Amino acid sequence: MTNDKHENKQPSPAGYCLTIRVPGQSVRQVLLDKPAHHIGRGQDNDIVLPLEYVSRKHGLLEQRGGLWIYTDLESSNGTFVNGRQARQVTLGDGDVIRIGDEMGNSASLTFERRQPEAVKPSISGLT
């Protein structure tokens, strides 16, 4: 007998990504493949946004107990999630994190659940 309650209780960290949009730059996706990601302007961050309105250590995105939590690390310009200023927030599929300044410059990071690759049917054993 298998214990299904525990097998799918927590999604793996690799099940999510951030789609990053910055005006004038190509859209990029970052796979959330570990339990914590520092976001900021500094090169020592996991996700680097080299923009003057992004703090060196702007925020932290981490998985806790199967949930993804974004925490603003006392950044200069703050963080908005779905249009509301946020210090710390639990993210859901499709939530948009906006990092910007009062002049309207901003980067948006969309938190998204990745769809599993399509499973190709096996043809072994067919006659």
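The structure this text deals with has already been given above.
Let us look at the structure shown here. (Residues numbered from 1 in each chain as written. Predicted model: local features only at pLDDT ≥ 70, side-chain atom pairs only at ≥ 80, totals over all residues. Heavy atoms only, no water.)

Remarks on the overall build of the protein chain
Then comes step 1: Scanning the protein chain from terminus to terminus reveals one helix and 11 strands.
Then comes step 2: Counting helices and strands in the order they occur from the N terminus, the protein chain gives α-β-β-β-β-β-β-β-β-β-β-β.
Then comes step 3: Per-residue burial for the protein chain yields a buried fraction of 39% across its 127 residues.
Then comes step 4: Nonlocal contacts in the protein chain, meaning residues at least 24 apart in sequence, comprise 34% of its contacts between residues at least 6 apart. (Helix = DSSP H or I, 4+ residues; strand = E, 2+ residues; numbered from the N terminus. Buried < 20%, exposed > 50% of the residue type's maximum accessible area, 1.4 Å probe, protein only. Contact = heavy atoms within 4.5 Å.)

Brief notes about the environment of Val48
Then comes step 1: Among the structural elements, Val48 can be located in strand S4 (residues 47-48).
Then comes step 2: The spacing of Val48 and His58 is 10 residues in sequence and 9.9 Å in space, taken between C-alpha atoms.
Then comes step 3: Once residues within four sequence positions are removed from consideration, Val48 is found in contact with Arg28, Gly40, Arg41, Gly42 and Gln43.

Concerning the side chain of His37
Then comes step 1: Structurally, His37 is set in strand S3 (residues 36-40).
Then comes step 2: In this structure the side chain of His37 is engaged in a polar contact, spanning 3.1 Å, whose partner is the backbone oxygen of Lys34.
Then comes step 3: Not counting residues within four places of it along the chain, the set of residues in contact with His37 comprises Leu31, Leu32, Asp46, Ile47, Gly59, Leu60, Leu61 and Trp68. (Polar contact = N/O pair within 3.5 Å; in protein donor to acceptor, adjacent residues only side chain to side chain.)

Observations regarding the nonpolar core
Then comes step 1: Residues Leu18 and Ile39 are the most contacted members of the largest nonpolar core, which totals 23 residues.
Then comes step 2: Secondary structure elements with two or more residues in this core: strand S1 (16-21), strand S6 (67-72), strand S10 (96-100) and strand S11 (106-113).
Then comes step 3: Among residues more than four places away in sequence, those in contact with Leu18 are Arg28, Gln29, Val30, Leu32, Ile39, Ile47, Leu61, Leu109, Thr110 and Phe111. (Core = buried A, V, L, I, M, F, W, Y, C linked by side-chain atoms within 4.5 Å.)

A word on the pattern of salt bridges
Then comes step 1: Evaluation of the coordinates by the stated rule reveals three salt bridges.
Then comes step 2: Note that Lys57 and Asp44 form a salt bridge whose closest N and O atoms lie 3.3 Å from each other. Residue Lys57 is located in the loop between S4 and strand S5 (59-64), and its partner Asp44 is located in the loop between S3 and S4; the two are separated by 13 residues in the primary sequence.
Then comes step 3: Residue Lys57 is classed as partly exposed on the basis of its relative accessible area of 35%. (Salt bridge = Lys/Arg side-chain N within 4 Å of Asp/Glu carboxyl O.)

Describing unusual backbone geometry
Then comes step 1: Residue Glu74 is not a glycine yet carries a positive backbone phi of 55°.
Then comes step 2: Position of Glu74 relative to the elements: it lies in the loop between S6 and strand S7 (79-81).
Then comes step 3: Although it is not a glycine, Asn82 sits at a positive phi angle of roughly 55°.
Then comes step 4: In this structure, Asn82 sits in the loop between S7 and strand S8 (84-85).

What about the sheet that holds S3?
Then comes step 1: Within the open sheet, the five strands sit side by side as S4-S3-S5-S6-S9. Their pairing is mixed. Two strands close off the open sheet at either side, each with one partner strand: S4 and strand S9 (88-91).
Then comes step 2: Two strands pair when backbone bridges link them, and S3 and S5 are joined in this way by four bridges, in the antiparallel orientation. Bridge pairing in S5 places His38 opposite Leu60. (Pairing = 2+ DSSP bridges.)

Functional significance is not addressed by these values, which are geometric in nature.
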